[in-house]
Amino acid sequence: MIYRGKKIKYQTFEKTKGYETIVLFVEIENAQHSGFLIKKGDKILPKGEIAKAVRDAKIEGVEMAVSPPADTNALIMLRITQDPEKILDKVLEIVFDFLEERGFL
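This one's a predicted model, so the numbers in the text were calculated from it and none came from an experiment.

(A) View of the sheet that holds strand E6 (residues 43-46). The antiparallel open sheet is built from three strands, whose spatial order is E4-E5-E6. Two strands close off the open sheet at either side, each with one partner strand: strand E4 (32-34) and E6. Ignoring which end each strand starts from, the neighbouring axes of this sheet average 25° apart. As paired elements, strand E5 (residues 37-40) and E6 share four bridges and run antiparallel to each other. Note that in E6 the partner of Leu37 across the bridge is Pro46. Contacts between helix H1 (residues 47-57) and the sheet are confined to E4, E5 and E6, with E6 contributing the most and set at about 55° to the helix.

And the structure:
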(Lines give C-alpha, C1' and ligand atoms only; values in the text may rest on other atoms or scores of the structure.)
Protein backbone atom coordinates (compact mmCIF):
# COMPACT_ATOMS: atom_id res chain seq x y z
CA MET A 1 0.00 0.00 0.00
CA ILE A 2 1.18 3.56 -0.73
CA TYR A 3 0.27 6.51 1.50
CA ARG A 4 1.51 10.05 0.77
CA GLY A 5 4.07 8.54 -1.58
CA LYS A 6 5.53 6.19 1.04
CA LYS A 7 5.39 2.41 1.12
CA ILE A 8 3.27 1.14 4.02
CA LYS A 9 2.86 -2.40 5.28
CA TYR A 10 1.16 -3.91 8.25
CA GLN A 11 1.47 -7.38 9.65
CA THR A 12 -0.95 -9.21 11.88
CA PHE A 13 0.70 -10.06 15.16
CA GLU A 14 -2.32 -11.68 16.79
CA LYS A 15 -5.95 -12.19 15.74
CA THR A 16 -8.87 -13.17 17.96
CA LYS A 17 -12.62 -12.97 17.67
CA GLY A 18 -12.84 -9.49 19.22
CA TYR A 19 -9.66 -7.74 18.07
CA GLU A 20 -6.54 -7.89 15.94
CA THR A 21 -3.04 -6.78 16.93
CA ILE A 22 -1.00 -5.40 14.06
CA VAL A 23 2.41 -3.85 13.62
CA LEU A 24 2.71 -0.98 11.16
CA PHE A 25 5.75 -0.36 8.95
CA VAL A 26 6.45 2.92 7.12
CA GLU A 27 9.29 3.44 4.67
CA ILE A 28 11.51 6.27 5.96
CA GLU A 29 14.61 7.01 3.89
CA ASN A 30 17.96 7.07 5.71
CA ALA A 31 16.40 6.09 9.04
CA GLN A 32 17.88 3.55 11.42
CA HIS A 33 15.81 1.60 13.90
CA SER A 34 17.53 0.86 17.17
CA GLY A 35 15.33 -0.82 19.76
CA PHE A 36 12.56 1.62 20.61
CA LEU A 37 14.18 4.54 18.78
CA ILE A 38 14.34 5.82 15.21
CA LYS A 39 17.42 7.79 14.18
CA LYS A 40 17.71 9.96 11.10
CA GLY A 41 20.79 12.12 10.86
CA ASP A 42 21.12 13.90 14.18
CA LYS A 43 17.42 13.45 15.04
CA ILE A 44 16.25 10.74 17.45
CA LEU A 45 12.60 9.83 18.00
CA PRO A 46 11.23 7.34 20.54
CA LYS A 47 8.62 5.14 18.88
CA GLY A 48 6.50 5.51 22.03
CA GLU A 49 5.89 9.16 21.11
CA ILE A 50 4.28 8.05 17.85
CA ALA A 51 2.06 5.65 19.79
CA LYS A 52 1.08 8.42 22.23
CA ALA A 53 0.04 10.69 19.35
CA VAL A 54 -2.23 7.92 18.02
CA ARG A 55 -3.66 7.23 21.51
CA ASP A 56 -4.33 10.94 22.05
CA ALA A 57 -6.30 11.07 18.78
CA LYS A 58 -8.84 8.63 20.29
CA ILE A 59 -9.58 6.94 16.97
CA GLU A 60 -12.66 4.75 17.13
CA GLY A 61 -11.62 1.12 16.70
CA VAL A 62 -8.09 1.64 18.08
CA GLU A 63 -8.07 -0.05 21.46
CA MET A 64 -4.32 0.16 22.09
CA ALA A 65 -1.33 1.93 20.52
CA VAL A 66 2.17 1.14 21.86
CA SER A 67 5.76 0.86 20.75
CA PRO A 68 6.33 -2.23 18.60
CA PRO A 69 8.66 -5.04 19.66
CA ALA A 70 12.21 -3.67 19.93
CA ASP A 71 13.62 -6.12 17.41
CA THR A 72 11.49 -4.88 14.48
CA ASN A 73 11.57 -1.93 12.10
CA ALA A 74 7.88 -1.33 12.76
CA LEU A 75 6.82 2.12 13.96
CA ILE A 76 3.83 1.21 16.08
CA MET A 77 1.80 -1.73 17.36
CA LEU A 78 -1.98 -1.40 17.46
CA ARG A 79 -4.81 -3.47 18.88
CA ILE A 80 -7.85 -2.75 16.78
CA THR A 81 -11.47 -3.82 16.94
CA GLN A 82 -12.24 -3.15 13.27
CA ASP A 83 -10.89 -4.27 9.92
CA PRO A 84 -7.46 -2.64 9.50
CA GLU A 85 -8.45 -1.26 6.10
CA LYS A 86 -11.23 0.76 7.77
CA ILE A 87 -9.01 2.59 10.27
CA LEU A 88 -5.55 2.71 8.70
CA ASP A 89 -6.21 6.01 6.92
CA LYS A 90 -7.01 7.70 10.23
CA VAL A 91 -4.00 6.15 11.97
CA LEU A 92 -1.64 6.94 9.08
CA GLU A 93 -2.78 10.56 9.00
CA ILE A 94 -1.73 10.97 12.65
CA VAL A 95 1.53 9.03 12.17
CA PHE A 96 2.57 10.95 9.04
CA ASP A 97 1.69 14.36 10.49
CA PHE A 98 3.73 13.49 13.59
CA LEU A 99 6.74 12.26 11.56
CA GLU A 100 6.63 15.34 9.34
CA GLU A 101 6.55 17.66 12.36
CA ARG A 102 9.67 15.95 13.70
CA GLY A 103 11.52 16.08 10.37
CA PHE A 104 11.46 12.36 9.62
CA LEU A 105 9.53 12.60 6.34
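(B) Spotlight on the pattern of salt bridges. Inspection of the entire model under this criterion finds six salt bridges. The residue Arg4 makes a salt bridge to Asp97 at a minimum N-O spacing of 2.9 Å. Separated by 93 residues along the polypeptide, Arg4 in the loop between strand E1 (2-3) and strand E2 (6-15) and Asp97 in helix H2 (residues 84-101) bring together distant segments of the chain. Between Glu63 and Arg79 there is a salt bridge, and its shortest N-O distance comes to 2.6 Å. Here Glu63, found in strand E7 (residues 62-66), pairs with Arg79, found in strand E8 (residues 76-80); they are 16 residues apart in sequence, far enough to count as distant. One continuous salt-bridge network, built from bridges that share partners, spans Arg4, Asp97 and Glu100.

(C) Up close: the sheet that holds E1. Across the sheet, which stays open at both edges, the five strands sit in the order E1-E2-E3-E8-E7 with antiparallel pairing between neighbours. The sheet terminates laterally at E1 and E7, the two strands that pair on one side only. When E7 meets E8, the two strands line up antiparallel, connected through four bridges. Along E8, the bridge assignment pairs Val66 with Met77. Packing against the sheet, H1 makes contact with E7 and E8, and its axis sits at approximately 160° to E7. Its contacts with the sheet put H2 on E1, E2, strand E3 (20-26), E7 and E8, and the angle it makes with E3 is roughly 45°.

Quick notes on the rules
Residue numbers run consecutively from 1 along every chain, following the written order of its sequence. pLDDT decides what is reported in this predicted model: residues at 70 or higher carry local features, side-chain atom pairs at 80 or more are listed and counted, and totals for whole chains, interfaces and linings draw on all residues regardless. Based on all heavy atoms of the structure, the side-chain values leave hydrogens and waters out of the count. The rule for pairing is simple: two strands pair if DSSP sees at least two bridges between them. Working definition: helices are DSSP H or I runs of at least four residues, strands are E runs of at least two. Numbering for both runs from the N terminus. Comment: axis = line fitted to C-alpha atoms, over the contacting stretch for helices; angle = value between 0 and 180 degrees taken between N-to-C directions. The contact rule is simple, with two residues in contact once any of their heavy atoms fall within 4.5 Å. Criterion for a salt bridge: a side-chain nitrogen of Lys or Arg within 4 Å of a carboxyl oxygen of Asp or Glu.

Everything listed here is a matter of geometry and, on its own, says nothing about what the molecule does.
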